Amino acid sequence: MKLDKRLLVCAEMTEGSFVCDIGTDHGYLPAYLLRSEKCTKAIAADIGEKPLAAAKATFENEGIEGGQLILSDGLKNIPLDGVTDIVIAGMGGELISKIIDADERSRTCGANFILQPMTRASVLRRYLADNGFEVTEERAVWDGEFAYSVMKCRYTGVTYEISDVREQTGLTDASYEDGRKYIEKQLERMKKAADGMRNSRPAEAEKIDMTMEKIRKEKGI
Ligand SMILES: C[S@@+](CC[C@H](N)C(=O)[O-])C[C@H]1O[C@@H](n2cnc3c(N)ncnc32)[C@H](O)[C@@H]1O
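Residues numbered from 1 in each chain as written. Predicted model: local features only at pLDDT ≥ 70, side-chain atom pairs only at ≥ 80, totals over all residues. Heavy atoms only, no water.

Chemist: Would you mind showing me how to read the nonpolar core here?
Modeler: In a soluble, globular protein the nonpolar side chains are often hidden away together inside. Membership of the largest hydrophobic core comes to 29 residues, with the highest contact counts inside it found for Ile-22, Ile-86, Ile-88, Ile-100, Leu-115 and Leu-128. Broken down by secondary-structure element, the contributors of at least two residues to this core are strand E1 (18–22), strand E2 (41–46), strand E4 (85–91), helix H4 (93–102), strand E5 (112–117), helix H5 (121–130), strand E6 (133–142) and strand E7 (147–155). Here this core gets four residues from one element, more than from any other, and that element is H5. The residues contacting Leu-128, other than those within four sequence positions of it, are Ile-100, Leu-115, Phe-133, Val-135, Met-151, Cys-153 and Tyr-160. Judged by nonpolar contacts, the second largest core, of 23 residues, contains Leu-34, Cys-39, Ile-64 and Val-150. (Core = buried A, V, L, I, M, F, W, Y, C linked by side-chain atoms within 4.5 Å. Buried < 20%, exposed > 50% of the residue type's maximum accessible area, 1.4 Å probe, protein only. Helix = DSSP H or I, 4+ residues; strand = E, 2+ residues; numbered from the N terminus. Contact = heavy atoms within 4.5 Å.)

Chemist: Quick question: what am I supposed to make of the packing of H4 against H5 here?
Modeler: The relative placement of two packed helices is expressed as an angle between their axes plus a distance between the axes. The N-to-C vectors of H4 and H5 enclose an angle of 25 degrees; their axes lie 7 Å apart at closest approach. Here H4 is positioned roughly parallel relative to H5, judged by the angle of their axes. Of the two possible hands of crossing, H4 and H5 adopt the one that is right-handed. Taking contact as the criterion, the partners of Gly-93, Glu-94, Ile-96, Ser-97, Ile-100 and Asp-101 in H4 are, on H5, Val-123, Leu-124, Tyr-127 and Leu-128. Across the contact of H4 with H5, the residue classes tally to six nonpolar, two polar and two charged. (Axes fitted to C-alpha atoms, helices over the stretch in contact; angles between N-to-C directions. Parallel < 35°, antiparallel > 145°, perpendicular 65-115°, else oblique. Left-handed = near helix turned anticlockwise from the far one by under 90°. Nonpolar A, V, L, I, M, F, W, Y, C, P; charged D, E, K, R; others polar.)

Chemist: Would you explain the domain arrangement of the chain in this entry?
Modeler: Interface size, as often reported, equals the accessible area lost upon joining of the parts. Split into domains, the chain comes out as domain 1 (5–162) and domain 2 (163–221). Counting residues at the interface gives 19 residues for domain 1, matched by 15 residues for domain 2. Both faces combined, the contact of domain 1 with domain 2 buries some 1400 Å², and carbon together with sulfur accounts for 57% of it. Among the residues domain 1 hides against domain 2, the three largest losses belong to Ala-140, Trp-142 and Ile-162. Together they make up 40% of the total. The tally of links from domain 1 across to domain 2 stands at two salt bridges. Arg-126 is paired through a salt bridge with Glu-167; the nearest N and O atoms lie 2.5 Å apart. Between domain 1 and domain 2 we count eight residue pairs in polar contact (both at pLDDT 80 or more) in total. Going through the elements one at a time, H5, E6 and E7 are the ones with two or more residues in the side of domain 1 that touches domain 2. By residue number, the principal contributor to the side of domain 1 that touches domain 2 is E6, which donates seven residues. (Domains from an automatic or database assignment. Buried area = accessible area lost by both parts, 1.4 Å probe. Salt bridge = Lys/Arg side-chain N within 4 Å of Asp/Glu carboxyl O. Polar contact = N/O pair within 3.5 Å; in protein donor to acceptor, adjacent residues only side chain to side chain.)

Chemist: What is the right way to look at the side chain of Thr-14 in this model?
Modeler: If you trace the backbone, Thr-14 turns up in the loop between helix H1 (5–13) and E1. Owing to a relative accessible area of 5%, Thr-14 belongs among the buried residues under this scheme. Not counting chain neighbours up to four residues away, the residues in contact with Thr-14 comprise Val-19, Leu-33, Lys-38, Asp-85, Val-87, Asn-112 and Ile-114.

Chemist: Could you clarify how one ought to interpret the sheet that holds E1 in this entry?
Modeler: Spatially, seven strands are ordered E3-E2-E1-E4-E5-E7-E6 in an open sheet, and the strand pairing comes out mixed. The strands lining the two open edges of the sheet, one partner per strand, are strand E3 (67–71) and E6. Neighbour-to-neighbour, the strand axes of this sheet turn through a mean angle of 20 degrees, independent of strand direction. One ladder, built from five bridges, connects E2 with E3; its direction is parallel. Paired with Asp-46 across the strands is Leu-71, a residue of E3. (Pairing = 2+ DSSP bridges.)

Chemist: Is there a simple way to explain the packing of aromatic side chains in this structure?
Modeler: Aromatic ring pairs are reported here in terms of the distance separating the ring centres and the angle at which the planes meet. Counting across every chain of the model gives four aromatic pairs. Judged by centre distance (6.4 Å) and plane angle (45 degrees), the rings of Phe-146 and Tyr-148 are tilted. Assessed through its relative accessible area of 44%, Phe-146 is described here as partly exposed. Clustering of aromatic rings is evident, with ring pairs tying together Phe-113, Tyr-127, Phe-133 and Tyr-155. Directly above the ring of Tyr-148 sits Arg-6, whose terminal nitrogen or CZ lies 5.6 Å from the centroid. (Phe/Tyr/Trp six-rings, centres within 6.5 Å; stacked < 30°, edge-to-face > 60°. Lys NZ or Arg CZ within 6 Å of the ring centre and 35° of its normal.)

Okay, here's the thing in structure tokens:
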């Protein structure tokens, strides 16, 4: 089976043999990982009955063994013993932060987290920094229309400062095409936001302008 580029990067970032996919929807990611034998056990979890039924159908169609389906709000009903990787993809950055924050085991289970926010990646980056999750890798994905960022992180308990530039663009850089495109998209989005507040909140617009300038300089765009 084939995955789209975004989920493929999520799959590539998994490290171990037991992957838990929170908000799995059709269950494509765990099905792919089991099918390609990148992992031997996988949990496909979702808050909705319908997505979980779709994931069940995917597993059946693909003849998947080793897959477990769990109805769960975030990590709530997930037994995390032995789970090596937790993937939370395709949701907003705020919701991803909330899901991680809601369960103390995020900080004790030792799993590798693979996070892919659809919106508000900056909120997630700030959350991770303020709460001691070290981002060890971040990769941008351009799928022809949208730009995404996939982050790999792990709890260390050591909080750290992040600059405005890092908050907006993370560890992505312009050394590869998708990275450049991701940064350009972020700049476009920021310009729109700044232009929208230029008359009503000029000081905030100017702050965004300054961050954009720093991004261009630091990332060589
Ligand atoms: C847009 S889909 C993303 C599917 C897949 N992860 C991907 O990236 O393509 C978002 C899924 O997250 C599920 N979801 C939303 N909030 C959730 C929560 N609190 N806990 C678990 N799943 C949730 C939704 O039901 C939906 O199936």
